[in-house]
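Close look at the chain arrangement
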Amino acid sequence: MKSKSNLARLEGGLCDPFLSPAEALGRIEAWQTAGIPAASASLGLWVVLGEAPVRLRRVGVVAFPSGGQTITSKRVELLECVRLGLFAAEIVLNQGSLMGNLWGELEKEMRALLQTAPELETRFAVEWGRLPAETGEIFLRLLRDLPPKVLRVATGVYGPPLSVQEVSRLRAMLPKGVRLKAVASKSGPSANELLAAGADLAESEKPPVPGSEQ
């Protein structure tokens, strides 16, 4: 049985581009009944669901899943998150800049994004499982100067999923004040296992079933 503390740290995932609005709303209703407080989705899906009775906190995904959009386009999406009244925005950083160690470009992007919509809970997203160890260490040092509220460490698209050991190690290395969000997948640990390993938040696409594990 899930504890109330775990439910408060779970977030629903609605990022599948083939997910119909009707199915998304069904999942949202199940999560609201279970007590899950938030869900992530594209801005377009939140627009379509605009008149639906969505009580949970809405998180918009920006530049999902590649992160290859320009800084300007990402900033426009952030402003759209504000216009839609969303609670938070998860922005996929430029993965090519990360893999290429283009730290000046990445710092420029991160700084601009943090300054664009301070009223939002700004979250950064990276594919941590694909980063070389040295690149990850440098990125974490950059986060000390440019910290988001949350670091999402997988989009759930490009993999590989993080193990519980990787989540635990990363949690210990993150700068103070930056929360860690991990993503559950069919081939990796469950959301509850990720939370037990030290993740502050965990996302899953599967609606919870009372009395079962997610």
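Everything below is about the structure printed above this text.
Points about the layout of surface pockets
Each pocket or cavity is described by its volume, and for the largest pocket that value is around 690 Å³. Those elements that place two or more of their residues in the lining of the largest pocket are β1 (10-14), α3 (43-48) and β8 (201-204). Counting residues per element, the lining of the largest pocket draws most heavily on α3, at 4 residues. Residue composition of the lining of the largest pocket, grouped by class: 16 nonpolar, 9 polar and 6 charged. Its volume calculated, the second largest pocket comes out at about 210 Å³. In terms of lining, the second largest pocket is formed by W128, G129, L131, P132, A133, G136, E137, L140, E166, R169, L170 and M173. At the level of elements, α7 (133-145) and α8 (164-173) are the ones that each hand at least two residues to the lining of the second largest pocket. Across the lining of the second largest pocket, the residue classes break down as 7 nonpolar, 2 polar and 3 charged.

Points about the sheet that holds strand β2 (residues 38-42)
By way of backbone hydrogen bonds, the strands of a sheet pair with one another, either parallel or antiparallel. The 8 strands are arranged β1-β2-β3-β4-β5-β6-β7-β8 in a closed barrel whose pairing can be described as parallel. Averaged over all pairs of adjacent strands, the angle between strand axes in this sheet comes to 25°, irrespective of strand direction. Across 4 bridges, strand β3 (residues 57-62) lies against strand β4 (residues 88-92) in parallel orientation. Counted as the bridge partner of V61 is E90 from β4.

Examining the side chain of Q95
Here Q95 is to be found in helix α5 (residues 95-99). Using a relative accessible area of 15% as the deciding quantity, one classes Q95 as buried. One polar contact links the side chain of Q95 to the main-chain carbonyl oxygen of L93, over a distance of 2.8 Å.

As for the packing of helix α4 (residues 71-83) against helix α6 (residues 103-116)
Two numbers describe how α4 lies on α6: the axes approach to 10 Å, and their chain directions differ by 20°. By the criterion of interaxial angle, the relationship of α4 to α6 is roughly parallel. The two elements α4 and α6 meet at a crossing, and its hand is right-handed. Contacts from I71, K74, R75, L78 and L79 of α4 reach α6 at K108, E109, A112, L113 and T116. The class makeup of the residues in the contact of α4 with α6 is 5 nonpolar, 1 polar and 4 charged.

Comments concerning the pairing of β8
Alternating residues of β8 divide into L201 and E203 and A202 and S204, and every residue in both groups is buried. Pairing between β1 and β8: 3 bridges, direction parallel. When the sheet's bridge partners are listed, E11 is paired in β8 with E203. Bridge count between strand β7 (residues 179-183) and β8: 3 bridges; the pairing is parallel. Bridging from a neighbouring strand, K181 pairs with L201 of β8. The β-α-β motif built from β7, the intervening helix α9 (residues 191-196) and the parallel element β8 has right-handed crossover chirality.

Analysis parameters
- Per chain, residue numbering runs from 1 following the sequence as it is written.
- Under the rules for a predicted model, residues below a pLDDT of 70 receive no local features and side-chain atom pairs below 80 are neither given nor counted, while totals for whole chains, interfaces and linings still include all residues.
- Note that the side-chain values use all heavy atoms of the structure and ignore hydrogens as well as water.
- Each cavity reported here is a set of points on a 1 Å grid over the protein atoms alone in which a 1.4 Å probe fits but cannot get out, each pocket an open set with protein on both sides within 12 Å along at least five of seven lines, and each lining residue one with an atom within 4 Å of a point.
- Grid points are joined across faces, edges and corners, and a volume is the space filled by probe spheres set on the points.
- Working definition: helices are DSSP H or I runs of at least four residues, strands are E runs of at least two. Numbering for both runs from the N terminus.
- Gly falls in the polar group here, along with every residue not listed as nonpolar (Ala, Val, Leu, Ile, Met, Phe, Trp, Tyr, Cys, Pro) or charged (Asp, Glu, Lys, Arg).
- In short, DSSP must find at least two bridges between two strands for them to pair.
- Lines fitted to the C-alpha atoms define the axes, with helices restricted to the stretch that makes contact. Angles between their N-to-C directions range from 0 to 180 degrees.
- Three exposure classes are used, based on accessible area relative to the maximum for each residue type with a 1.4 Å probe and protein chains only: buried under 20%, partly exposed in between, and exposed over 50%.
- Side-chain atoms alone can form a polar contact between residues adjacent in sequence; in general such a contact is a pair of N or O atoms within 3.5 Å, and within protein one must be able to donate a hydrogen while the other accepts it.
- Each angle receives one of four descriptions, namely roughly parallel if under 35 degrees, roughly antiparallel if over 145, roughly perpendicular if within 65 to 115, and oblique otherwise.
- Left-handed describes a crossing whose near helix is turned anticlockwise from the far helix through less than a right angle; right-handed describes the clockwise counterpart.
- Note on definitions: a residue-residue contact is assigned when non-hydrogen atoms from the two residues lie within 4.5 Å.
- By convention, orient the strands away from the viewer: a clockwise path from the first strand over the helix to the second makes the crossover right-handed.

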